[in-house]
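# Chains, contacts and geometry: an overview
The lines below spell out each chain.
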Amino acid sequence: IGVYDYSILSLKDATCTADLQIGKARVVVAEIPEVALGKDTTLCYGEELTLQLNAEEGASYAWSPRRDGIHITTSASFIVDTAIVNNNFPISNVQEIVAIKTTSNGCSASDTMTVTFKERPSATISGGATYCGTEDVEGATINLKGTAPFTLAYTDGIDTTNIEAQEEAMLQTTAPSSVGTYNYS
């Protein structure tokens, strides 16, 4: 790494000495710029990720892909805004993001990060009826959408139940054991 100026100091052949004209050849060996986006990642829709490169005066930056929802800039930072991306990418889409940095001396380097876009989990609750007495009473049914295992909390309006590592996408709540009104949420 450095600047090297070459010039001929003397020249002689078998019979004569040359009159040298001053001339130089300059060789510049420059550092390759540092470009490190980090490890591949997963984003849920609605999350935002800012990728940041080391800013360097005189450097230019290019980001790809050039798609709706991914903001392309010529700066050292790049925002992946999944709130916008949500309507433009299918659920669970995998996208490669490439950053290219070119320094003022013309040297460039790039790095790639793979971002996987995932749908946020969701749940619906159904059921509910009027029962006479406490026999054959059913609780509510919770249907889960997303990637198991799930962690969730629900209430019957009186008590809260916390569940961890729920593998099944459908869950039957515990049936009430006493007379009363129970509002599951």
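Quick notes on the rules
Residues numbered from 1 in each chain as written. Predicted model: local features only at pLDDT ≥ 70, side-chain atom pairs only at ≥ 80, totals over all residues. Heavy atoms only, no water. Helix = DSSP H or I, 4+ residues; strand = E, 2+ residues; numbered from the N terminus. Areas by Shrake-Rupley, 256 points an atom, 1.4 Å probe, with all protein chains shown as cover. Patch = residues over 30% accessible without salt bridge, like charges linked within 9 Å, V, L, I, M, F, W, Y side chains within 5 Å. Salt bridge = Lys/Arg side-chain N within 4 Å of Asp/Glu carboxyl O. Buried < 20%, exposed > 50% of the residue type's maximum accessible area, 1.4 Å probe, protein only. pLDDT = per-residue confidence, 0-100. Contact = heavy atoms within 4.5 Å. Pairing = 2+ DSSP bridges.

Let us look at the overall build of the chain. Helix and strand counts for the chain stand at one helix and 13 strands. Along the chain, from the amino end to the carboxyl end, the secondary structure elements read β-β-β-β-β-β-α-β-β-β-β-β-β-β. If you sum the accessible surface of the chain, you get close to 12,600 Å²; carbon and sulfur atoms cover 49% of it.

A cluster of nonpolar side chains, contributed by Ile1, Tyr4, Tyr6, Val27 and Val29, occupies part of the molecular surface with about 490 Å² of accessible area. At the level of elements, strand E1 (2-6) and strand E2 (25-29) are the ones that each hand at least two residues to the nonpolar patch. Topologically, Val29 is positioned in strand E2.

Next up on the list: the pattern of salt bridges. If charged atoms from side chains of opposite charge come close, those side chains can pair. The full count for this structure, using the stated rule, is two salt bridges. We note a salt bridge from Asp5 to Arg26, for which the minimum N-O separation is 2.6 Å. Separated by 21 residues along the polypeptide, Asp5 in strand E1 and Arg26 in strand E2 bring together distant segments of the chain. A relative accessible area of 40% places Asp5 in the partly exposed class. The salt bridge involving Lys101 is made with Glu56; its shortest N-O contact spans 3.4 Å.

Within the fold, Glu47 resides in the loop between strand E3 (41-44) and strand E4 (48-52). Note: C-alpha distance between Glu47 and Phe117 (70 residues apart in sequence) is 9.7 Å.

To continue, consider the confidence of the model for the chain. Summing up the model confidence of the chain, the mean pLDDT is 77 and the portion of residues at 70 or higher is 79%. A low-confidence stretch, residues 83-92 (pLDDT under 50), is modelled with 24 contacts involving residues beyond four sequence positions or located in other chains.

With that out of the way, let us pick up the pairing of strand E11 (residues 150-155). Every regular strand shows the same layout, with side chains that alternate between the two sheet faces. One ladder, built from five bridges, connects E11 with strand E12 (residues 160-166); its direction is antiparallel. Residue pairing for E12: Ala153 is matched across the bridge by Asn162. The antiparallel pairing of E11 with E12 creates a hairpin that spans four residues between the two strands, and Gly157 there sits at a positive phi of about 95 degrees.

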